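So you can see what is in the structure, the chains are spelled out below.
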Amino acid sequence: MTVPLKDPNMRWMSKANCQGVPVSVFFPKSGTRPHDGLLLCQTCVVKDECLNYALVNNIHWGLWGGMTERERFREKQRRRRLARVAS
């Protein structure tokens, strides 16, 4: 999978459970939950890095860091609220 590089330190990607897995596992048809991808993400050692990458780069599609598009949207909102409270 090729991704845009806004993160110069992409070494984490080589440790991801998704290496060699068909992209369709993480980008299922519309309305379909990516069950197999979610299972792979559960035990991935770089799940947090993957999630942060998707959030920082505003990636709207697919499964990243063990979260679907909707879950990432809610996570981004949660982080914004926490940042406002902290400031």
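Preceding this paragraph is the structure being described.
Position numbers for residues start from 1 in each chain and track the written sequence from start to end. Only residues with pLDDT of 70 or above have their local features reported here, since the model is predicted, and side-chain atom pairs are shown and tallied only from 80 upward, although totals for entire chains, interfaces and linings are computed over all residues. In computing side-chain values, all of the structure's heavy atoms are included and hydrogens and water are not.

Caption draft 1: Layout of the pattern of salt bridges. Take a side-chain nitrogen of Lys or Arg and a carboxyl oxygen of Asp or Glu: if they are within 4 Å of each other, that pair is a salt bridge. Going through the model one piece at a time under the given rule, you end up with three salt bridges. For the salt bridge of Arg33 with Glu71, the shortest nitrogen-to-oxygen distance reads 3.3 Å. Note that Arg33 is positioned in the segment before α1 (35-42) and Glu71 in helix α3 (residues 69-86), a separation of 38 residues in sequence. For Glu71, a relative accessible area of 22% gives the class partly exposed. In this structure, Glu75 engages Arg78 in a salt bridge whose closest nitrogen and oxygen atoms are separated by 2.7 Å. Residue Glu75 and its partner Arg78 are both found in helix α3; the two are separated by three residues, about one turn of the helix. Any residue under 20% of the maximum accessible area for its type is buried, any over 50% is exposed, and the rest in between are partly exposed; the area is computed with a 1.4 Å probe on protein chains only. The class for Arg78 is partly exposed, based on a relative accessible area of 37%. Overlapping salt bridges, with partners in common, bring together Glu75, Arg78 and Arg79 in one network. Runs of E in the DSSP output that reach at least two residues are strands. Runs of H or I that reach at least four are helices, and both are numbered from the N terminus.

Caption draft 2: Local environment of the nonpolar core. Core analysis: the biggest nonpolar cluster contains 11 residues, these being Met10, Trp12, Met13, Ala16, Cys44, Val46, Cys50, Tyr53, Ala54, Ile59 and Trp64. Formed by five residues, the second largest nonpolar core is a distinct cluster that contains Val25, Phe26, Leu38 and Cys41. Nonpolar cores are built from buried Ala, Val, Leu, Ile, Met, Phe, Trp, Tyr and Cys residues. Side-chain atoms within 4.5 Å join them into one set.

Caption draft 3: Highlighting the side chain of Arg72. Within the element layout of this structure, Arg72 appears in helix α3. For the purpose of counting charges, residues Lys and Arg are taken to be positive, whereas Asp and Glu are taken to be negative. His and the chain ends are not included. Here Arg72 sits buried without a salt bridge, and the closest side chain of opposite charge, Glu69, lies 5.3 Å off (N-O distance). Within the local environment of Arg72, its side chain forms a polar contact with the backbone oxygen of Met67, the two atoms lying 2.8 Å apart. By definition in these notes, contact holds between two residues if any of their heavy atoms fall within 4.5 Å. Once residues lying within four places of it in the same chain are set aside, the contact partners of Arg72 are Leu51, Ala54, Leu55, Ile59, His60, Trp61, Gly62, Leu63, Trp64 and Met67. In protein, a polar contact means a hydrogen-donor-capable atom and an acceptor-capable atom, both N or O and within 3.5 Å, with residues adjacent in sequence counting only if both atoms are side-chain atoms; elsewhere, any N or O pair within 3.5 Å suffices.

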